[in-house]
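Structural overview for review
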Amino acid sequence: MNMLRALATRLLQGFLLVLAVVVLNFMLVHAAPGDPVETIAGASGGMSPELMAQLRTQYGLDRPLPVQLGIYLGRVLSGDLGYSYFFNLPVAQMIFERVPATLLLVVSAVLLAFLAGTLLGVLSARRPNGLLSQCITVLSLVGFAAPVFWTGMLLVLLFASWLPILPVAGMRSADSVGATGLTDMLDVAHHLVLPAVTLALVYLAQYSRLARSSMLDVLGSDYIRTARAKGLAEHVVLYKHALRNALLPVVTMLGLQFGNVMAGAIIVETVFNWPGLGRLAFDSVLRRDYPTILGVLLFSSIVVVVMNLLTDLAYRLIDPRIKTA
């Protein structure tokens, strides 16, 4: 019952947080300079003032901002995210069509960064003053300092001009349209390599440094010295006794930084022309497409809240002390 009560409390807090984010996003998006109707008129080659006024009335842009906010909140609570001003399609439909591509990119990058970063951190902690540890530290600093777009453009330059062995744009090849099964999966995986590596490099550096610091703290604990005094093999001490406790701060960062990964995906999808939510958000911002921007932000907010909840659950699986408490 305590577990269910805590879960219900977290769900209520998450709902209120998402609601507050929706209101804040609505106010910020409408406060930004630009007029979506003028953008549509410019894209269509011109439009009469009467038709522009008709579009503003159709989209509800002629109403006071509090009225627009109330109407939008009512639609969101009923599951209606509205229609895109520019694409003339339901926002929910466009989001669900692009969610698989974004989730594939984000999950691949997070798993790569988490696994590789944790492994490098553990290897670095085994001999903190060794050459391998120093090389990993330098690589981590370089990876952390390099902007995502700069890394992406370097990889595009490298694999488009010098070593043309990986595709640098899109999610599928033009000659594989309509392919299914293993052929389609391999083609998507081939296109996924560069975007996933670009997005993972920054977070890999953070995870490796955090895993190294946490592992060093755990290796200095009394129970680790006791395990070694019992004659346990070094790999048992590292990966069975020390790593589980050292993972707690890494898992915390993994859950809390998922929103940053989603934000980084916008840049990566733009650089590599990946057809996901990030690319949709970028195009919508350029076109002042308010409903689509708000829909993407709403979906991202829900993903972040869910990831924080899953992080709490992962805590209970990793550390039995939290479950007991």
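Structure: see above.
Thresholds applied
Residues numbered from 1 in each chain as written. Predicted model: local features only at pLDDT ≥ 70, side-chain atom pairs only at ≥ 80, totals over all residues. Heavy atoms only, no water. Helix = DSSP H or I, 4+ residues; strand = E, 2+ residues; numbered from the N terminus. Buried < 20%, exposed > 50% of the residue type's maximum accessible area, 1.4 Å probe, protein only. Contact = heavy atoms within 4.5 Å. Areas by Shrake-Rupley, 256 points an atom, 1.4 Å probe, with all protein chains shown as cover. Lys, Arg positive; Asp, Glu negative; His and termini not counted. Charge placed at Lys NZ, Arg CZ, Asp CG, Glu CD. Salt bridge = Lys/Arg side-chain N within 4 Å of Asp/Glu carboxyl O. Patch = residues over 30% accessible without salt bridge, like charges linked within 9 Å, V, L, I, M, F, W, Y side chains within 5 Å.

Another aspect to go through is the overall build of the chain. Looking only at helices and strands, the chain has 14 helices and zero strands in total. Along its sequence from the N terminus, the chain presents helices and strands in the succession α-α-α-α-α-α-α-α-α-α-α-α-α-α. Considering only C-alpha atoms, the chain reaches an extent of 85 × 60 × 40 Å along its principal axes. Per-residue burial for the chain yields a buried fraction of 40% across its 325 residues. The contacts of the chain with a sequence gap of at least 6 include a subset with a gap of at least 24, amounting to 76%. By element, 68% of the accessible surface of the chain is carried by carbon and sulfur atoms, the whole surface being about 17600 Å². Across the chain, 22 positive and 17 negative side-chain charges occur, with their mean positions spaced 15 Å apart.

A side chain with one charge may pair with a side chain of the opposite charge, provided their charged atoms come close. Scanning the entire structure with this criterion turns up one salt bridge. One salt bridge in this structure joins R279 and D283, with 3.7 Å as the shortest N-O distance. Of this pair, R279 and D283 both sit in helix α12 (residues 277-286), four residues apart, roughly one helical turn. R279 sits in the partly exposed class, given a relative accessible area of 21%. Relative accessible area serves as the criterion here: at 13%, D283 is assigned to the buried category.

Okay, the environment of D35 next. Inspection of the secondary structure assignment puts D35 in the loop between α1 (2-31) and α2 (36-43). A relative accessible area of 16% places D35 in the buried class. D35 sits 26 residues away from L61 along the chain, and the two C-alpha atoms are 9.5 Å apart. Residues contacting D35, with those up to four places away along its chain left out, are R56 and R288.

This brings us to a nonpolar patch on the surface. A cluster of nonpolar side chains, contributed by F149, W150, M153, L154, L157, W162, L163, I165, I266, I267, F282 and L286, occupies part of the molecular surface with about 1200 Å² of accessible area. For the nonpolar patch, the secondary structure elements donating two or more residues are α7 (148-162), α11 (258-272) and α12. The biggest single contributor to the nonpolar patch is α7, with six residues. Note that W162 resides in helix α7. On the basis of relative accessibility, which here comes to 61%, the residue W162 falls in the exposed class.

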